[in-house]
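For reference, the chains in residue letters:
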Amino acid sequence: IIKDKFGVYFSYQAFIYDWALKRIADGAVLLFGDEKAKNDVEQYKKYVELPNFKDMEFGFNYQFSNNTHIEYTALYANDIYVSLSPEAYEDPSNPSKLLESIDTLALVDIPNWIHGLNVRTIVNNQWTMKNTAAYQNQNYIMSFLSEEGEPLLDLEKTSYNFRSHHIYQYDKNHIFTYGAAWDHKIQEYDINIPRPQYEIIMNGSTDAVQVIGLSDTRGLVITQN
C-alpha cells in the first residue's frame, strides 16, 4: 500500500467439488429435468454441504520506524459437513431440534481462529529483540443422531502464547541469545462418543471424508454407538 512502510495481504482456499457438484446438478436440471427434479436439486443444495474446509488468512505489516517493524496475522479455518432434514433446517443452531428428525445425519462446524502479533525492534547496533503474542480458539461442535437429543461432541480449545526473543552481539565473534516464553492452554469438553470415533475425528488425517470413519472392513469398523 505504501512502499517500505505499510502492506496488507489476503488469501482464501476451499475445496471446489461441493460447489461444482451443485452446478452440474443445476445444468442437468436445466437441460433435461422437470419440475420435480428441479425441486429435488434445490432441496439437496439447501440441506447438504459435503465435507469441506474454508480457510481465510489476512494480515498487515507496518514499518513503525526505522527500528521497529510490526506484523499482524489472522487465520480463520472452518471445517464443515452438513446433512440436515427440512424440518431441522429452520434452526440449525439448536442441536435438540436437529436431532429430533431421523433424517438429520450430521452437523459439523469446527471454526478455528488464530491471531498472531510480531514486533521486531532494533534497539541499537548490538541488540535486537522480537516479541510475539498469539491466540488460538478452536471449537468442535458436532451433532449426530442421539436419542437424548444432545450433542455427542462439544470441545473448545483455547491457547495463549507469548514469546520474547533477544539477540545481543557484544563483539564481531560472539552472539548471545536469550528469551522467555509463556503458554496457557484451556480445554472445555463434553464428549459422549466411543474412543475410536473420537480418535478418528480429532486425530485423523486431512482427508475430507475420514471423519465419517474407515470404509475398509479389514480395518477398524464401528458397528454401533
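Quick caveat: nothing in here was measured; it's all calculated off a predicted structure.

**Q** What exactly am I supposed to notice about the overall build of the protein chain here?
**A** Across its full length, the protein chain carries five helices and seven strands. Expressed as a percentage of the 225 residues in the protein chain, the buried residues total 26%. Across the protein chain, the fraction of contacts at a sequence separation of at least 24, relative to all contacts at a separation of at least 6, is 60%. Carbon and sulfur atoms make up 55% of the accessible area of the protein chain, which totals about 15100 Å².

**Q** Even after reading the chapter, I still don't get the side chain of Glu-49, so can you show me in this structure?
**A** Along the chain, the position of Glu-49 falls in strand β2 (residues 48-63). Classification of Glu-49 as buried rests on a relative accessible area of 18%. A distance of 3.0 Å separates polar atoms of two side chains, one belonging to Glu-49 and the other to Lys-54. The contacts of Glu-49, once residues within four sequence positions are left out, are Asp-18, Lys-22, Lys-54, Ile-80, Tyr-81 and Val-82.

**Q** What should I look at first to understand the pairing of β2 in this one?
**A** Regular strands place their side chains on alternate faces of the sheet. Bridge count for strand β1 (residues 6-14) against β2 is nine bridges, and the pairing is antiparallel. If you follow Ser-11 over to β2, its bridge partner there is Glu-57. Here β2 pairs with strand β3 (residues 68-83) via 14 bridges, running antiparallel. Bridge pairing in β3 places Phe-53 opposite Asp-79. Between β2 and β3, which pair antiparallel and follow one another directly, the connecting turn spans four residues.

**Q** What's the story with the packing of helix α1 (residues 17-32) against helix α2 (residues 35-47) in this structure? I'm lost.
**A** The relative placement of two packed helices comes down to the angle between their axes together with the axis-to-axis distance. Across the interface, α1 lies against α2 with an axial gap of 10 Å and an inter-helix angle of 170 degrees. The angle between α1 and α2 falls in the class roughly antiparallel. Taken as a pair, α1 and α2 cross one another with a handedness that is left-handed. Along its contact with α1, which presents Leu-21, Lys-22, Arg-23, Ala-25, Asp-26 and Val-29, the element α2 presents Ala-37, Lys-38, Val-41, Glu-42, Tyr-44 and Lys-45. Looking at the contact of α1 with α2, its residues break down into six nonpolar, no polar and six charged.

**Q** Mind showing me how you'd approach the pattern of salt bridges here?
**A** Opposite charge on two side chains lets them pair, provided their charged atoms get close. All chains considered together, the criterion is met by seven salt bridges. When the shortest N-O distance is used, the salt bridge between Lys-22 and Asp-18 registers 3.1 Å. Within this pair, Lys-22 and its partner Asp-18 are both found in helix α1, separated by four residues, close to a single helical turn. A single burial state applies to Lys-22 and to Asp-18, both of which are buried. For Lys-45, the salt bridge goes to Asp-26, with nearest N and O atoms at 3.1 Å. Of this pair, Lys-45 sits in helix α2 while Asp-26 sits in helix α1, placing them 19 residues apart in sequence.

**Q** Just checking my understanding: could you explain the environment of Lys-3 for this structure?
**A** Considering the arrangement of structural elements, one finds Lys-3 in the segment before β1. Separated by 60 residues in sequence, Lys-3 and Gln-63 place their C-alpha atoms 9.9 Å apart.

**Q** What exactly am I supposed to notice about the side chain of His-166 here?
**A** Within the secondary structure, His-166 is located in strand β6 (residues 153-171). The class of His-166 is buried, set by a relative accessible area of 10%. A polar contact is formed between the side chain of His-166 and the side chain of Trp-127, at a distance of 3.2 Å. Within the structure, the side chain of His-166 is placed 2.8 Å from the side chain of Ser-164, a separation counted as a polar contact.

**Q** What is the right way to look at unusual backbone geometry in this model?
**A** A negative phi angle characterises most non-glycine residues, just as the trans form characterises most peptide bonds. For Asp-4, which is not glycine, the phi dihedral falls at a positive 60 degrees. For Asp-4, the position within the fold is in the segment before β1.

**Q** For this particular structure, what's the right way to read α2?
**A** Relative to the 18 Å expected for 13 residues at 1.5 Å per residue, α2 spans 19 Å between its end C-alpha atoms, a close match to the ideal helical length. In this structure Asp-34 caps α2, since a side-chain oxygen of it lies 3.3 Å from the backbone nitrogen of Lys-36.

What counts, and where the lines are drawn
- Residues numbered from 1 in each chain as written.
- Predicted model: local features only at pLDDT ≥ 70, side-chain atom pairs only at ≥ 80, totals over all residues.
- Heavy atoms only, no water.
- Helix = DSSP H or I, 4+ residues; strand = E, 2+ residues; numbered from the N terminus.
- Buried < 20%, exposed > 50% of the residue type's maximum accessible area, 1.4 Å probe, protein only.
- Contact = heavy atoms within 4.5 Å.
- Areas by Shrake-Rupley, 256 points an atom, 1.4 Å probe, with all protein chains shown as cover.
- Polar contact = N/O pair within 3.5 Å; in protein donor to acceptor, adjacent residues only side chain to side chain.
- Pairing = 2+ DSSP bridges.
- Axes fitted to C-alpha atoms, helices over the stretch in contact; angles between N-to-C directions.
- Parallel < 35°, antiparallel > 145°, perpendicular 65-115°, else oblique.
- Left-handed = near helix turned anticlockwise from the far one by under 90°.
- Nonpolar A, V, L, I, M, F, W, Y, C, P; charged D, E, K, R; others polar.
- Salt bridge = Lys/Arg side-chain N within 4 Å of Asp/Glu carboxyl O.
- Expected span 1.5 Å × (residues − 1).

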